[in-house]
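So you can see what is in the structure, the chains are spelled out below.
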Amino acid sequence: MDTTQLLKGVLDLAVLAVLREEDGYGYDILRRLRTAGLEEIGDASVYGTLRRLFAAGYLTTYVVPSEEGPHRKYYSLNPAGRTQLKNGGEIWRGFATTMDTLLQETR
Amino acid sequence: MNAEIAKYAAAVGAALADLPENTRNELMDDLPEHLAEVAAEAEAEGVSLAERLGPPAVYAAELRASLGHADAPSRSARWSERRARVKARVQPLNVRIGRIFGYAHLTDLLRQLHPAWWVLRGYVAALVIGMLLGDEGHPRVIPQFGGNGVIGVALIVAGIIGSIWLGRATANGGRKTRIFSGVLSAGLALFAFAVAVAADEAMSRPDYNYSADQSVVYTSQWQPTDVVVVDPQGHPVGPVGIVDLDSQNYWSVNVHTCENMLPWEGDRWPLLHVLCRQAAVPSPSASASVQPSASPLPTPTR
């Protein structure tokens, strides 16, 4: 099992998490995720996830004109997104603890 | 670089063509800008967009997965969907035409006609075999082998039995049987059509070699040297000459008449003999009506 398989389930949470402190545009968010250690993450996955989270009402967007290069669409967490991040985080921590225990027992 | 982005985005869009239009439009609206960011960095590293992101189709698949949509429908699924759509559109016609013949569906009628087609198909198959292996290189109503039709009849019977067997096997058979049967049927139907056309042409072809026991046939392509000119009742007239309007010359043909018919003329052209005999005794219909009739030439009799 590689990281990509695991990522599928938690990418939403990861994207919400990197937007917690600071708004960002698509490619910027991808870079942050990679810097954080999720190096196998694909550009399309992040872009698609952003669009889906936006459609679900967890993100708001605004456009920032850029002097060099294209306009940038920034994404920011709205209250619904923060709630989702909080709930998702709790589920993840519970799940991660269970998995940790499970893996320790099999060792 | 912009053209590359547009091209890449278009290819991704094409791979996502089956998504709901709203979802897709929303996705495609921002994609070029997003790709431009990637492209700017890729350019700085000296690689192309496709080198950086992989082929558009792979990118599209990843995008699709992250959106939570199912994989693109497989080719066979798309085919069956298309077939279902066509079927739905044709169905009302199927019912309406079927009703004309007193069936719920036209296909019900066609299904009942299947055995008739199997018999015809078997016969046509026998004709093909007869043409390929028989005495003559063209189809005969009964294929000829060794100067007679005995084997030909047996071949027809065998062809019909085989065709019926194939028809029943196809109904219960698998995909391969159906394809084989379909191709064979189409080939034989085409052959049958060609034979029918050829036979039709042969029937309407003018007969050049006139003999007294054959009926008279009008021809459009002749270069005669001996003619007789007849009136609407089919009675020879003369003496006349024939002038070609184009060349304004007398036509170099011998126009035969009844008045000075020589014995050898009557021997050589029995038709002239017959025509003149009939002209001498006008038929009741000819005397009663002076209106020209369209088909004046009587069938010559000996």
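**Q** Sorry, what's going on with the side chain of A:Arg51 here?
**A** With respect to the secondary-structure elements, A:Arg51 resides in helix α3 (residues 43-55). With relative accessibility at 4%, the residue A:Arg51 sits in the buried group. For A:Arg51, the side chain forms a polar contact with the side chain of A:Tyr75, separated by 3.1 Å. Among residues more than four places away in sequence, those in contact with A:Arg51 are A:Lys73, A:Tyr75, B:Glu26, B:Leu27, B:Asp30 and B:Leu67.

**Q** What should I look at first to understand the packing of aromatic side chains in this one?
**A** How two aromatic rings sit relative to each other is given by the distance of their centres and the angle of their planes. Per the stated rule, a full pass over the model turns up 5 aromatic pairs over all chains. Arranged with centres 5.6 Å apart and planes meeting at 15°, the rings of A:Tyr62 and A:Tyr74 form a pair that is stacked. Taken together, the residues A:Tyr62 in strand β2 (residues 59-64) and A:Tyr74 in strand β3 (residues 72-77) connect sequence positions 12 residues apart. What makes A:Tyr62 partly exposed here is its relative accessible area of 36%. Between the aromatic rings of B:Tyr8 and B:Tyr59, the centroid separation amounts to 5.8 Å while the plane-to-plane angle is 80°, which identifies the pairing as edge-to-face. Of this pair, B:Tyr8 sits in helix α1 (residues 2-15) while B:Tyr59 sits in helix α4 (residues 56-66); the two residues are 51 residues apart in sequence, bridging distant segments of the chain. What makes B:Tyr8 buried here is its relative accessible area of 5%. Using a relative accessible area of 1% as the deciding quantity, one classes B:Tyr59 as buried. Through pairs of rings, three or more aromatic residues link up here, namely A:Tyr25, A:Tyr62 and A:Tyr74.

**Q** Would you mind going over the interface of chain A and chain B with me for this structure?
**A** Interfaces are often sized by the amount of accessible area the parts lose when they come together. In this complex, chain A contributes 21 residues to the contact, which on the side of chain B involves 18 residues. Carbon and sulfur atoms make up 54% of the area that chain A and chain B hide from each other, which totals about 1,700 Å². Looking at the side of chain A facing chain B, the largest losses of area belong to A:Tyr27, A:Ala44 and A:Tyr47, adding up to 38% of the total buried there. On inspection of chain A and its partner chain B, the count reaches 4 salt bridges. Residue B:Glu37 is joined to A:Arg72 by a salt bridge in which the shortest nitrogen-to-oxygen separation is 2.5 Å. Inspection of the chain A/chain B interface yields 12 residue pairs in polar contact (both at pLDDT 80 or more).

What counts, and at which threshold
Residues numbered from 1 in each chain as written. Chains lettered and ligands numbered in written order. Predicted model: local features only at pLDDT ≥ 70, side-chain atom pairs only at ≥ 80, totals over all residues. Heavy atoms only, no water. Helix = DSSP H or I, 4+ residues; strand = E, 2+ residues; numbered from the N terminus. Buried < 20%, exposed > 50% of the residue type's maximum accessible area, 1.4 Å probe, protein only. Polar contact = N/O pair within 3.5 Å; in protein donor to acceptor, adjacent residues only side chain to side chain. Contact = heavy atoms within 4.5 Å. Phe/Tyr/Trp six-rings, centres within 6.5 Å; stacked < 30°, edge-to-face > 60°. Buried area = accessible area lost by both parts, 1.4 Å probe. Salt bridge = Lys/Arg side-chain N within 4 Å of Asp/Glu carboxyl O.

Honestly, it's all geometry; don't read function into it.
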